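Overview (structure and organization)
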Amino acid sequence: MSAAYFITGTDTDVGKTTVAAGLLHAARSAGLSTAAGKPVASGCEVTPKGLRNADALALLAECSLPLTYAQVNPVAFEPAIAPHLAAREAGVALTVQSLLAPMRQILDRQADFTLIEGAGGWRVPLADQANLSDLAIALDLPVILVVGVRLGCISHALLTAEAIARDGLQLAGWVANIIDPKTSRLEENLATLAERIPAPCLGRVPKLKVVTAEAVAEHLQLDLLD
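Residues numbered from 1 in each chain as written. Predicted model: local features only at pLDDT ≥ 70, side-chain atom pairs only at ≥ 80, totals over all residues. Heavy atoms only, no water.

**Looking at the environment of Glu214**
- You can see Glu214 is positioned in helix 9 (residues 213-217).
- You can call Glu214 exposed: its relative accessible area is 51%. (Helix = DSSP H or I, 4+ residues; strand = E, 2+ residues; numbered from the N terminus. Buried < 20%, exposed > 50% of the residue type's maximum accessible area, 1.4 Å probe, protein only.)

**Describing the pairing of strand 10 (residues 201-205)**
- As paired strands, strand 9 (residues 171-178) and strand 10 are joined by 4 bridges and run parallel to one another. In the sheet register, Asn177 faces strand 10, and the bridge partner there is Val205. (Pairing = 2+ DSSP bridges.)

**Describing the packing of helix 1 (residues 16-29) against helix 2 (residues 54-61)**
- Running from N to C, helix 1 and helix 2 cross one another at 10°; their axes reach a closest spacing of 9 Å. Comparing their axes, helix 2 and helix 1 come out roughly parallel. Residues Thr17, Ala20, Ala21, Leu24 and Arg28 of helix 1 pack against Asp55, Ala58, Leu59 and Ala61 of helix 2.
- Among the residues making up the contact of helix 1 with helix 2, the classes are represented as 6 nonpolar, 1 polar and 2 charged. (Axes fitted to C-alpha atoms, helices over the stretch in contact; angles between N-to-C directions. Parallel < 35°, antiparallel > 145°, perpendicular 65-115°, else oblique. Contact = heavy atoms within 4.5 Å. Nonpolar A, V, L, I, M, F, W, Y, C, P; charged D, E, K, R; others polar.)

**Structural notes on the pattern of salt bridges**
- Applying the stated rule across the entire model yields 5 salt bridges.
- Here Glu62 and Arg28 are joined by a salt bridge, their closest N and O atoms 3.0 Å apart. Here the residue Glu62 occupies a position in the loop between helix 2 and helix 3 (69-72), and Arg28 occupies one in helix 1, the gap between them amounting to 34 residues.
- According to the relative accessible area criterion, Glu62 is buried, its value standing at 9%.
- Exposure remark for Arg28: the relative accessible area of 37% places this residue in the partly exposed category.
- Note that Lys38 and Glu117 form a salt bridge whose closest N and O atoms lie 2.9 Å from each other. On the criterion of sequence distance, the pair formed by Lys38 in the loop between strand 2 (34-37) and strand 3 (40-41) and Glu117 in strand 7 (residues 113-117) is long-range, its members being 79 residues apart. You'll find Lys38 and Glu117 in the same group, each marked buried. (Salt bridge = Lys/Arg side-chain N within 4 Å of Asp/Glu carboxyl O.)

**Here's the deal with the packing of aromatic side chains**
- Enumeration over the complete set of coordinates arrives at 2 aromatic pairs.
- Pairing Tyr5 with Phe113 gives two aromatic rings, centres 5.9 Å apart and planes at 45°, and the pair type is tilted. With Tyr5 in strand 1 (residues 3-9) and Phe113 in strand 7, this pair connects stretches of sequence that are 108 residues apart.
- On the basis of relative accessible area, Tyr5 is assigned to the buried category, the value being 3%.
- Ring centres 6.0 Å apart and planes at 90° place the aromatic pair Phe6 and Trp122 in the edge-to-face group. Residue Phe6 is found in strand 1, and its partner Trp122 is found in the loop between strand 7 and helix 6 (132-139); the two are separated by 116 residues along the sequence.
- The residue whose ring lies beneath Arg52 is Tyr69, and the NZ or CZ to ring-centre distance is 4.2 Å. (Phe/Tyr/Trp six-rings, centres within 6.5 Å; stacked < 30°, edge-to-face > 60°. Lys NZ or Arg CZ within 6 Å of the ring centre and 35° of its normal.)

Limitation: the analysis is restricted to geometry and does not speak to function.
Structure (structure tokens):
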């Protein structure tokens, strides 16, 4: 087995990394080798070893292949702002080509299960008129969509699924990450998502008291992926 996916979300802070780490952990628990990439990350911390992003570190922790931080997250910015704005302030040309080569290097490692995680939602701007979705298109990877379940999530999820299909990519599956367990008519909302998103639901991740990759993995089903 050698499968790779691009993982995106319906918005910022919907649990992409939480779910990605859970999927990687589930793969490792099934005896698969794992690798991951976070091509660009904002909101990084200054450390003696350089800029470090919590999401990228969480992914790296679930990689069974020996990858360095710089391989997983080649472009890092300190301000917690949109990547294209952070790049502009830093004088960095944030293009699809600048992100494509390092991500292909990860894919070339041929892990059994590889995830490339985007930033924010599907249409995150890069330089000029390019978007991070153009990187997913260039990599030609099937997509896993993380839906942050809260009021308003249905429209966000369906619009994102439509955009992925319009971009010519396969939506391989989606995950319901329950951000607000008190969402009115929660089960009805989840049923509507399941009816209308043209891909299998890989799991429902409840609001966890302690969020770990292992705990999240218990709520996910890798075998539903093509």
